[in-house]
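Each chain is listed here by its residues.
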Amino acid sequence: MLVLKFGGTSVGDAERIRTVADLVRQALPKRPVVVASAHKGVTDMLFRMGQEALHGKINLEPLRERHLKIIRDLGVPETVMENLLDELANLLQGISMVKELTPRTKDYVASFGERLSVRTIAAYLAQAGIPAKAVDAFDLGLITDSNFGAANPLPEADQIMHWNIRRIEGVPVITGYVGKDKNGDITTLGRNGSDYSATIIGAAIGAEEVQIWTDVDGVMTTDPDIVPHARPLDQMSFAEAGELAYYGGRVLHPSTLIPAIRKDIPVRVLNTFKPESKGTVILRQTPIKQVVKSIGYKDDLFLITIVSTRMLMHYGFMAKIFEIFGRHRIVIDMIATSEVSVSLTTDSDVNLDQAVKELSQIAEVTVEPGKAIICVVGEGIKRSLEVPSLVFGALRERNIKVQMISQGSTQVNLALLVDSANVVDAVQALHDSFFDVQKPVIPALP
Ligand code: ADP
Ligand code: ASP
Ligand code: MG
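Residues numbered from 1 in each chain as written. Chains lettered and ligands numbered in written order. Predicted model: local features only at pLDDT ≥ 70, side-chain atom pairs only at ≥ 80, totals over all residues. Heavy atoms only, no water.

Visitor: Looking at this structure, I do not really get the site of ligand 2. What am I missing?
Guide: Ligand 2 sits among Ser37, Thr43, Glu114, Tyr177, Arg191, Asn192, Gly193 and Ser194. In the model, an oxygen atom of ligand 2 is placed 3.1 Å from a nitrogen or oxygen of the Ser37 side chain. Here an oxygen atom of ligand 2 sits 3.0 Å away from a polar atom, N or O, in the main chain of Ser194. If ligand 2 stood free it would expose 260 Å²; the protein chains cover 88% of that surface. (Near = heavy atom within 4 Å. Polar contact = N/O pair within 3.5 Å; in protein donor to acceptor, adjacent residues only side chain to side chain. Areas by Shrake-Rupley, 256 points an atom, 1.4 Å probe, with all protein chains shown as cover.)

Right, dumping it as structure tokens:
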């Protein structure tokens, strides 16, 4: 079996959905399972509608129009969306009445994008002669924890989904992004979560491959919005793609590789606009031809610096710090320590004030916003002596100050903290340095 995941742009209008049908038809001998995102822009629209409802304004028309246009262009019955729009209208009424938009309700609102799109896609596939069935992932057993906005599947989801998906007749067209917790409340896996849904589903059914169909030629040497001449990569290892997904590169949700690694399933990133291009295949192991594969970045971070002489020769100090962050559910991205200080970064200011207040009782604490991690990724880094000097040389030339450095024990990446204002410059400088066609590729040590 094969999982075909189509992102927002790939199901963004009728023409793209016709391409989706062609791709599904070609995959029929391999028994494809389709995972689909909301039409491009719809999730953002839903988040805005939730906010507006909170302030007493409810207007479903732009959302209805967005869907109606696609439905009419495809010639499928308008009734595919009727019940869902009524349900959404009731939900928005509720939000405006109670004047409350909790993370749980936000997820419920956001879920309508995928729930609407799969119904239209499946109706079109059926009309095009491909028997298909639209299904909400939670009805197939995608049970998650209750971490609204960033939920993760529970272990039992695997088995339940395995049986349910295999029982479906025709091509299942499953909602990406959404699940349900044990209380029956709808959850989402976080922005770009349909990638994660695709590998969760791929792992559950034991797929031979998960294909992520998007709007670029594969995973690129860096974000093409920053470096327009960035190039697609032929191959990446799970470890490389995992690092890149975590550090920005919205091409993949940060957790996408976890289920694929667990079941050793190749993930292929392909372009719906150019189905003939070969894309990027992500595998357990790939030959190391280039030392550096890609440059990622993660912006809008906070740098927290904790200084205390009590750290000197004391055990338990670190444990105390992490206990405080853990209790406030603050996720740490990067960390560096010296004898008397710890520097950490996080991407969310939720609960940060409270945590800082507690930390201030045991140390001097400062919080600086406006930071970014730049991440140089490649399995070859561990076998090269030249990467650090090239990185620092390139940044030095552009007068970019590095505020923190980290090279993890897996040594698949070298991560640096800079001011947000330097992100574009830093990414361009590093890309020039490692991927300029004029310069020789640095060889890895044997
Ligand atoms: P989809 O809707 O298909 O999930 P996304 O917009 O979420 O698509 O992700 C694809 C986009 O990710 C690309 O259009 C590209 O602009 C951006 N991107 C950022 N970094 C990278 C990278 N390293 N490789 C490929 N695309 C990247
Ligand atoms: N529709 C969701 C989003 O816009 C999930 C996804 O597209 O993967 O983030
Ligand atoms: Mg995406």
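Visitor: I keep staring at the pattern of salt bridges and nothing clicks. Help me out?
Guide: Pairing is possible between side chains of opposite charge, provided their charged atoms come close. In this structure the tally under the stated criterion is 29 salt bridges. The partner of Asp158 in a salt bridge is Lys263, and the shortest N-O contact between them spans 3.3 Å. On the criterion of sequence distance, the pair formed by Asp158 in helix α7 (residues 157–167) and Lys263 in helix α10 (residues 257–263) is long-range, its members being 105 residues apart. Accessibility expressed as a relative area gives 36% for Lys263, which makes it partly exposed. In this structure, Asp225 and Arg250 form a salt bridge, with 3.9 Å as the shortest nitrogen-oxygen distance. In this pair, Asp225 sits in the loop between β7 (209–214) and β8 (235–237) while Arg250 sits in the loop between α9 (238–246) and α10, placing the two residues 25 residues apart along the sequence. (Salt bridge = Lys/Arg side-chain N within 4 Å of Asp/Glu carboxyl O. Helix = DSSP H or I, 4+ residues; strand = E, 2+ residues; numbered from the N terminus. Buried < 20%, exposed > 50% of the residue type's maximum accessible area, 1.4 Å probe, protein only.)

Visitor: Explanation requested: helix α14 (residues 423–435) in the structure shown.
Guide: What sets the pattern is the α-helix's 3.6 residues per turn: residues three or four places apart point alike. Taking 1.5 Å per residue as the helical rise, α14 with its 13 residues ought to reach 18 Å, and the 17 Å between its terminal C-alpha atoms agrees with that figure. Within the sequence span of α14, burial applies to Val423, Ala426, Val427, Ala429, Leu430, His431, Ser433, Phe434 and Phe435. Buried positions along α14 lie against β11 (294–307), β14 (364–377), α13 (387–397) and β16 (413–419). (Expected span 1.5 Å × (residues − 1). Contact = heavy atoms within 4.5 Å.)

Visitor: What exactly am I supposed to notice about the packing of aromatic side chains here?
Guide: The description of an aromatic ring pair uses the distance of the two centres, along with the angle that the planes make with each other. On inspection of all chains with the given rule, the structure shows three aromatic pairs. For the ring pair Phe6 and Trp213, a centre distance of 6.3 Å and an interplane angle of 20° mean the geometry is stacked. A residue pair is termed long-range when its members are at least 10 positions apart, and Phe6 in strand β1 (residues 2–6) and Trp213 in strand β7 qualify at 207 residues. Phe6 sits in the buried class, given a relative accessible area of 0%. Aromatic side chains Tyr108 and Phe112 sit 5.7 Å apart centroid to centroid with 25° between the ring planes, which places their arrangement in the stacked category. Among the residues examined, Tyr108 registers a relative accessible area of 27% and is labelled partly exposed. Taking NZ or CZ as reference, Arg16 lies 3.9 Å from the ring centre of Phe273, over its face. Sitting above the plane of the Tyr246 ring, Lys298 keeps its charged end 4.5 Å from the centroid. (Phe/Tyr/Trp six-rings, centres within 6.5 Å; stacked < 30°, edge-to-face > 60°. Lys NZ or Arg CZ within 6 Å of the ring centre and 35° of its normal.)

Visitor: How should I be thinking about the site of ligand 1 in this particular structure?
Guide: Taken together, 18 residues surround ligand 1, and among them Gly8, Asn192, Thr214, Asp215 and Met220 come closest. Contact distances for ligand 1 include 2.8 Å between an oxygen atom and a side-chain N or O atom of Asn192. Met220 is positioned with one of its backbone polar atoms (N or O) 2.9 Å from a nitrogen atom of ligand 1. Within the complex, the protein chains bury 92% of what would otherwise be the 570 Å² of accessible surface of ligand 1. A breakdown of the residues in the shell around ligand 1 according to their chemical character gives five nonpolar, eight polar and five charged. (Nonpolar A, V, L, I, M, F, W, Y, C, P; charged D, E, K, R; others polar.)

Visitor: Hey, could you run me through the side chain of Arg115 in this one?
Guide: By the element assignment, Arg115 lies in helix α6 (residues 112–127). Separated by 3.1 Å, the side chains of Arg115 and Glu87 make a polar contact. Excluding residues that lie within four positions of it along the chain, Arg115 makes contacts with Leu84, Glu87, Tyr108, Asp136, Phe138, Thr175 and Ile186.

Visitor: Sorry if this is basic, but what is going on with the sheet that holds strand β4 (residues 171–175) here?
Guide: Strand order in the open sheet made by the eight strands is β3-β4-β2-β1-β7-β9-β10-β8, with mixed pairing throughout. Here the strands that pair on one side only, and so sit at the sheet edges, are β3 (132–135) and β8. For this sheet the average axis-to-axis angle between neighbouring strands, irrespective of direction, equals 20°. Across five bridges, the pairing between β1 and strand β2 (residues 32–36) is parallel. Counted as the bridge partner of Leu2 is Pro32 from β2. On the sheet, α6 packs against β2, β3 and β4 and is oriented at approximately 160° with respect to β4. (Pairing = 2+ DSSP bridges. Axes fitted to C-alpha atoms, helices over the stretch in contact; angles between N-to-C directions.)

Visitor: Sorry if this is basic, but what is going on with α6 here?
Guide: Over its 16 residues, α6 runs 23 Å from end to end, which matches the ideal 22 Å to within 8%, given 1.5 Å per residue. Downstream of α6 by a residue or two, Gly129 has a phi angle that is positive, lying close to 90°.

Visitor: Honestly, the packing of α13 against α14 in this entry has me stumped. Any pointers?
Guide: Two quantities define a packed helix pair, namely the angle between the helix axes and the distance between the axes. For the pair α13 and α14, the least separation of the axes is 9 Å and the interaxial angle reads 130°. Between α13 and α14, the angle is such that the two are oblique. Classified by chirality, the crossing of α14 by α13 is right-handed. Two secondary-structure elements touch here, α13 through Val387, Leu390, Val391, Ala394 and Leu395 and α14 through Ala426, Ala429, Leu430, Ser433 and Phe434. (Parallel < 35°, antiparallel > 145°, perpendicular 65-115°, else oblique. Left-handed = near helix turned anticlockwise from the far one by under 90°.)

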